[in-house]
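Residue-level structure breakdown
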Amino acid sequence: MSAQENFRMKLMMAMKKSVKSRNIARKSKKSRKSKKSRKASRKKSRKKSRKRAANAYMIAKEKARKGNRKSFMYKGTKYTREPGSSVIYKRGL
């Protein structure tokens, strides 16, 4: 073996060791994450996926829209459909 080939072999071995040590360090960081933090992150994702309940006004408005009504009453206030629109309801005077 020449000096140049010997140098290349040593260089290749050093590169292999550095890649292995990086992979081990990555694995150890992942395994360090505690069970509590994993459970907490699961709960956060579950909370985000829950659908928020509609308020009473929105329910009344949707019933009027689906029933194709020109107006509907909510808490003593009359809401009428805006002319030329089938979705927008405005508070009547």
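Residues numbered from 1 in each chain as written. Predicted model: local features only at pLDDT ≥ 70, side-chain atom pairs only at ≥ 80, totals over all residues. Heavy atoms only, no water.

**Quick notes on the overall build of the chain**
If you tally the helices and strands in the chain, you get three helices and three strands. From first element to last, N terminus to C terminus, the chain shows the α and β order α-α-α-β-β-β. A buried classification covers 9% of the 93 residues belonging to the chain. Taking the contacts inside the chain whose residues are at least 6 apart along the sequence as the reference set, 9% of them involve residues at least 24 apart. Working note: accessible area of the chain is about 9100 Å², and carbon and sulfur atoms make up 56% of it. (Helix = DSSP H or I, 4+ residues; strand = E, 2+ residues; numbered from the N terminus. Buried < 20%, exposed > 50% of the residue type's maximum accessible area, 1.4 Å probe, protein only. Contact = heavy atoms within 4.5 Å. Areas by Shrake-Rupley, 256 points an atom, 1.4 Å probe, with all protein chains shown as cover.)

**Side note on the sheet that holds strand 3 (residues 89-91)**
The strand order across the open sheet built from three strands is 1-2-3, with neighbouring strands paired in antiparallel fashion. Strands at the two margins of the open sheet, each flanked by one partner only, are strand 1 (71-74) and strand 3. Mean inter-strand twist for the sheet, computed between neighbouring axes without regard to direction, equals 30 degrees. Relative to the sheet, helix 3 (residues 56-66) contacts strand 1, strand 2 (77-81) and strand 3, its axis offset from that of strand 1 by approximately 160 degrees. (Pairing = 2+ DSSP bridges. Axes fitted to C-alpha atoms, helices over the stretch in contact; angles between N-to-C directions.)

**Structural notes on the pattern of salt bridges**
Summed over all chains, the structure comprises three salt bridges. Where Lys61 meets Glu62, a salt bridge forms, and the shortest distance between an N and an O atom there is 3.9 Å. Judged by its relative accessible area of 15%, Lys61 is buried. According to the relative accessible area criterion, Glu62 is partly exposed, its value standing at 26%. As a salt-bridge pair, Glu82 and Lys90 come within 3.1 Å of each other at their nearest N and O atoms. (Salt bridge = Lys/Arg side-chain N within 4 Å of Asp/Glu carboxyl O.)

**Observations regarding the environment of Glu62**
Relative to the elements of secondary structure, Glu62 occurs in helix 3. In the structure, Glu62 is positioned 25 residues away from Val87 in sequence and 9.2 Å away in space, judged by C-alpha atoms.

The analysis is restricted to geometry; functional conclusions fall outside its scope.
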